[in-house]
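# Coordinate inspection notes
Residues per chain are reported as follows:
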Amino acid sequence: MHHVDLAGKVAIVTGSGRGLGLAYATELARCGAAVVVNDVDAGAAEAAVSAIADICGKAVAEVVPVGAQEAAQALVDRAVAEFGRLDILVNNAGILRDSTLWKMTDEAFDAVMTTHVRGTFTCTRAAAIRMREQGDGGRIICIGSPTGQVGNFGQTNYAAAKAGIVGMVRTWAMELARANITVNAVVPVAATAMTETVPFVQPYIEALKEGRALPRYAREQLGFGTPEDAAGLVAFLASDAARDITGQAIGIGGDRLSLWSHPTEVVVEFADGTGWSADGIAAAWPGKYAAALQTVGPQVEPSSEGQAQ
């Protein structure tokens, strides 16, 4: 029995000319949705539309860089003009401009924030307005990253952007609940152009390029696989089967499906009515807090520090 049927639904997937975005758009179309494919590369966008047509799916291309409100409105207007409505938005468009803090330029910081944060914000705002007008609810799916959850060397801008997206998701889930619009974050890991430079997955990227199967360790412990491995979660969240899921950050990759916790206090102690002085904190810290300090960065193997550009 199939629970995921998107027939009659209309989706926008930003940054869907290749990689994860293409996998999401293709899976949504395979499940019956009509899709507005978006990319800054017209050739990639048209190729994606052709590939979706090859599996008897419906898609059109809208070539525009996300970020500005005008771009967001153009995507919503295209969905409505072509297919009559909008039910699903997948905020996937992203770029990388990696470098260490002391080498990162304002331009590199702003470019990443514009595409990821402002692009996710403007597209979601335009989509939410349309969905509220329609009155039938909707599904908004924003793409996070493990970097936004735990940090990563050389990715100040990307970490800020992806953490910011999950923060917005939690807020939008509350604001849009009465309109029956769910908002969730997907935290994927896959072999794409964006992971080409990550040292500890290099052997697995080479294996995939050569058509070899990934070892169990990669698919389970690292949660690493192909873009197609991550697409089922997006289709599920877009469907009626996920109508009661909102405000969540859900990890996917390889054979691994995970539900991330929201940040929560792990140790709480109280002063005796006088507040916490610096000396009081220094005295309490070793016994009460030190053992609970949180890990930072990907917990795999020390690798990326020497590789950051």
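Counting from 1, residues in each chain are numbered in the order their sequence is written. Totals for whole chains, interfaces and linings use every residue, but because this is a predicted model, local features are given only for residues with pLDDT of at least 70 and side-chain atom pairs only at 80 or more, for both listing and counting. The basis for every side-chain value is the complete set of non-hydrogen atoms in the structure, without hydrogens or water.

### Concerning the environment of A111
Structurally, A111 can be placed in helix α4 (residues 106-134). The buried label goes to any residue with under 20% of its type's maximum accessible area, the exposed label to any with over 50%, and the partly exposed label to all in between, with areas taken from a 1.4 Å probe on protein chains only. Its relative accessible area of 26% is what places A111 among the partly exposed residues. C-alpha separation for the pair A111 and N157, spaced 46 residues apart in sequence, amounts to 8.7 Å. Only runs of H or I of at least four residues qualify as helices and only runs of E of at least two qualify as strands under DSSP, and these elements are numbered from the N terminus.

### Describing the sheet that holds strand β4 (residues 88-91)
The strands making up a sheet associate through backbone hydrogen bonding, with each pair oriented either parallel or antiparallel. Two strands are counted as paired when DSSP detects at least two bridges linking them. With mixed pairing, the eight strands of this open sheet are ordered in space as β3-β2-β1-β4-β5-β6-β7-β8. Of all strands in the sheet, those with a lone pairing partner are β3 (58-63) and β8 (256-259), marking the two edges. Mean inter-strand twist for the sheet, computed between neighbouring axes without regard to direction, equals 20°. Bridge count for strand β5 (residues 138-143) against strand β6 (residues 181-188) is six bridges, and the pairing is parallel. Axis definition: a line fitted to C-alpha atoms, over the contacting stretch in the case of helices. Angles run 0 to 180 degrees between N-to-C directions.

### Details of the pattern of salt bridges
Close approach of charged atoms lets side chains of opposite charge pair. Think of a salt bridge as a Lys or Arg side-chain nitrogen and an Asp or Glu carboxyl oxygen that are within 4 Å of each other. The final tally for this structure, using the stated rule, is 12 salt bridges. A salt bridge links E27 to R30; the nearest nitrogen and oxygen atoms lie 2.7 Å apart. Linking E27 with R30, this pair stays in helix α1 (residues 19-30), spanning three residues, or about one helical turn. Residues joined by salt bridges that share partners form a network here, namely E62, R78 and E82.

### Brief notes about the pairing of β6
Within β6, eight of the eight residues are buried, which leaves it mostly tucked inside the rest of the structure. The side-chain alternation of β6 yields two buried faces, one formed by I181, V183, A185 and V187 and the other by T182, N184, V186 and P188. For β6 and strand β7 (residues 249-253), the ladder comprises four bridges, and the chain directions are parallel. If you follow V186 over to β7, its bridge partner there is I250.

### Let's talk about the nonpolar core
Within the largest apolar cluster, 36 residues are counted, with the highest numbers of intra-cluster contacts made by I12, L75, L86, I140, L176 and V183. Contributing elements (two or more residues each) for this core: β1 (10-13), α3 (69-83), α4, β5, α6 (156-175) and β6. Between two residues, a contact is recorded if the distance between any of their heavy atoms is within 4.5 Å. Ignoring any residue separated from it by four or fewer positions in sequence, one finds L176 in contact with A128, R132, I140, I181 and V183. Only buried residues count toward a nonpolar core. Its members are Ala, Val, Leu, Ile, Met, Phe, Trp, Tyr and Cys residues joined through side-chain atoms within 4.5 Å. Core analysis: the next-biggest nonpolar cluster, separate from the first, contains 35 residues, V13, V234, L237 and I250 among them.

### Some points on a nonpolar patch on the surface
Note on patches: the residues involved have over 30% relative accessible area and no salt bridge, like charges join within 9 Å, and the nonpolar side chains Val, Leu, Ile, Met, Phe, Trp and Tyr join within 5 Å. In this description, accessible areas are obtained by the Shrake-Rupley approach with a 1.4 Å probe, and a residue is regarded as covered only by the protein chains that are shown. Taken together, the side chains of W276, I281, W285 and L293 make up a nonpolar region of the molecular surface, amounting to roughly 410 Å² of accessible area. Position of L293 among the secondary structure elements: in the segment after α10 (278-288). Relative accessible area serves as the criterion here: at 56%, L293 is assigned to the exposed category.

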